[in-house]
Amino acid sequence: MGWLLTIWLSIPLVQSDMEVRMWFSRERYCTFAREKFLENPMLLSTPDGRRGEARVRDSQCRELGADETALIPEHMRN
């Protein structure tokens, strides 16, 4: 079916949070990506040149539900 990684980032440059969702074909890929995001903060830049670090506020890996097939690119569906 597939796995969905959802990451909630805290972004101080814009004083808000952002949700990022990524699809993975296997649970271990999802878990690996989650660990990497927790290890390495993301550096972001705004159009006016300010730079800051986005920190992971929360994250989760879960199996996609049957109704979420549209999240997987058509050429990658089983």
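Note: the structure precedes this text.
Please read these numbers as outputs of a predicted model, since none were measured by experiment.

Here is what the cut-offs are and how they apply
- Residues numbered from 1 in each chain as written.
- Predicted model: local features only at pLDDT ≥ 70, side-chain atom pairs only at ≥ 80, totals over all residues.
- Heavy atoms only, no water.
- Salt bridge = Lys/Arg side-chain N within 4 Å of Asp/Glu carboxyl O.
- Helix = DSSP H or I, 4+ residues; strand = E, 2+ residues; numbered from the N terminus.
- Buried < 20%, exposed > 50% of the residue type's maximum accessible area, 1.4 Å probe, protein only.
- Core = buried A, V, L, I, M, F, W, Y, C linked by side-chain atoms within 4.5 Å.
- Contact = heavy atoms within 4.5 Å.
- Disulfide = S-S within 2.5 Å.

This paragraph deals with the pattern of salt bridges. Scanning all chains against the criterion turns up six salt bridges. Between Arg57 and Asp17 there is a salt bridge, with the nearest N and O atoms lying 2.7 Å from each other. Taken as a pair, Arg57 in strand β4 (residues 51–63) and Asp17 in strand β2 (residues 16–24) lie far apart in primary sequence, 40 residues in all. Accessibility expressed as a relative area gives 41% for Asp17, which makes it partly exposed. Arg21 is paired through a salt bridge with Glu19; the nearest N and O atoms lie 3.6 Å apart. By relative accessible area, which is 44% here, Arg21 ends up partly exposed.

Below, the discussion takes up the nonpolar core. If you look at the biggest cluster of nonpolar residues, it comprises 10 residues: Trp3, Leu5, Ile7, Leu9, Ile11, Leu13, Phe24, Cys30, Ala33 and Ala54. Elements supplying a minimum of two residues to this core: β1 (3–11) and α1 (27–39). By residue number, the principal contributor to this core is β1, which donates five residues. Not counting residues up to four positions away in its chain, the partners in contact with Ala54 are Leu9, Ser10, Ile11, Pro41, Met42 and Leu44.

What the rule picks out here adds up to one disulfide. Between the sulfur of Cys30 and that of Cys61 lies a disulfide, 2.2 Å long from S to S. Sign of the S-S torsion, about -105 degrees for the bond between Cys30 and Cys61, identifies this disulfide as left-handed. Of the two residues, Cys30 is situated in helix α1 and Cys61 in strand β4; the sequence distance between them amounts to 31 residues.

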